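This is what each chain is made of:
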Amino acid sequence: MSRFVPTSRASLSPRMLRCGRFNFPLDRPLVMGVVNVTPDSFSDGGFFHQTRQAVDHALRLLEQGADILDVGGESTRPGAQPVPEGEELRRVMPVLEALVKHTLPVSIDTRKPRVMREAIMSGAAMINDVMALREPGALETVANSDVAVCLMHMQNTPQTMQVAPDYQDVVSEVRQFLAQRIEACEQVGMERSRIVIDPGFGFGKTLAHNLGLLRRLDEFSLLGVPVLAGMSRKSMLGTLTGRDVDQREFAGVAAHLLAVQRGANILRVHDVVATKDALAVWHAVEGENNNEP
Ligand code: HH2
């Protein structure tokens, strides 16, 4: 396969992600390991609910090769009930504090400005927001810091998003939304080198919408910031394979490799070992330093 990159695309390709005191080169896909400190997450709810278990799990994911950890204290699965601010802080802050002591890059998965603020003060490197900083005060909170942000698209709220997802053209509507959120960030002074976008697989989308987004994921790279893809263990994989949530690892690897082929820069996954192995093969064939005879 040709390794020629058209000039317009090459000049748009982000080279570096700035996350507080961490800088990630984007010359290979990064792996974000999921750490849910919740009793009710769809994928691993209750497994890592206590601080000690969550920290051990996070350290294990790092040993397995995760580049960044995404710690969340509120499930956003379809129909999930919102968690009060105090309870979310009680879940995530001790885990964050334990991890930053080891100088580890931690993302906090939250939509609440107060949780963002406290996390940033305690050394989080990134805020991952399924609301794309639309809650009042969220944009300013992140702008007044040096952390990175992941802006995710969601139609409606977790309570209602899967009732009747509706788009004329899912790819252009999601892309337009993300372009507007990038612009909102830039207007309050955030540099693009701190911004990541995510089409939000499963967040107000049918299977056909999810597949359309994956098929045309390369169109999101044209926005000029890194693209994150998160399909790990999601119901789209269950529908395609007929498998339960704890048996979707192989399907997840396939989906995420397809995303990388279409330009994804960050993969948000539960199964780090399998993802890293797949990326090692991908990199040997497609990476910049392959040993082409
Ligand atoms: N998916 C989930 C949660 N946060 N953040 C981003 N940026 N992209 C995603 O696709 C995404 C996300 C849902 O997965 P999980 O955390 O395993 O489940 P739950 O929300 O039930 O805790």
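In case you missed it, the structure is sitting above this.
Described below are features of the structure shown in this document. Given the structure is predicted, the values throughout are model-derived calculations rather than measurements. (Residues numbered from 1 in each chain as written. Predicted model: local features only at pLDDT ≥ 70, side-chain atom pairs only at ≥ 80, totals over all residues. Heavy atoms only, no water.)

A closer look at the state of the cysteines
The condition is simple: Cysteine sulfurs are considered disulfide-paired once they come within 2.5 Å of each other. Think of it in three bands: with a 1.4 Å probe and only protein chains considered, a residue is buried below 20% of the maximum accessible area for its type, exposed above 50%, and partly exposed in between.
Evaluated as defined, the whole model comprises zero disulfides. The closest cysteine sulfur to the non-disulfide-bonded Cys19 is located on Cys150, 10 Å from its own sulfur. Owing to a relative accessible area of 0%, Cys19 belongs among the buried residues under this scheme.

Brief notes about the sheet that holds strand 3 (residues 30-36)
In plain terms, the rule: Two strands are counted as paired when DSSP detects at least two bridges linking them. Numbered from the N terminus, helices here are DSSP runs of H or I no shorter than four residues, and strands are runs of E no shorter than two. Only heavy atoms enter the contact rule, under which two residues are in contact if any of them lie within 4.5 Å. For helices, the axis comes from a line fit to the C-alpha atoms of the stretch in contact; other axes are also lines fit to C-alpha atoms, and the angle between any two N-to-C directions lies between 0 and 180 degrees.
One open sheet holds the eight strands; their spatial order is 8-7-6-5-4-3-10-9, and the pairing between them is parallel. Of all the strands in the sheet, the pair left with one neighbour each is strand 8 (195-198) and strand 9 (228-229). Sheet analysis places strand 5 (residues 106-109) next to strand 6 (residues 126-129), joined by three bridges and oriented parallel. Looking at the pairing, Ile108 lines up with Ile127 of strand 6. Packed on one face of the sheet, helix 4 (residues 113-121) meets strand 5 and strand 6 and runs near 160 degrees to strand 6. Sheet strands in contact with helix 6 (residues 170-187) are strand 7 (148-152) and strand 8, and its direction is about 150 degrees off that of strand 7.

Describing the side chain of Arg181
Quick note on the threshold: Here the positive residues are Lys and Arg and the negative ones are Asp and Glu; neither His nor the chain ends is included. Any carboxyl oxygen of Asp or Glu within 4 Å of a side-chain nitrogen of Lys or Arg constitutes a salt bridge here.
Tracing the backbone through its elements, the reader meets Arg181 in helix 6. Among buried Asp, Glu, Lys and Arg side chains, Arg181 stands out as unpaired, with Asp129 the closest opposite charge at 7.2 Å. Once residues within four sequence positions are removed from consideration, Arg181 is found in contact with Ala132, Leu133, Arg134, Leu139 and Leu151.

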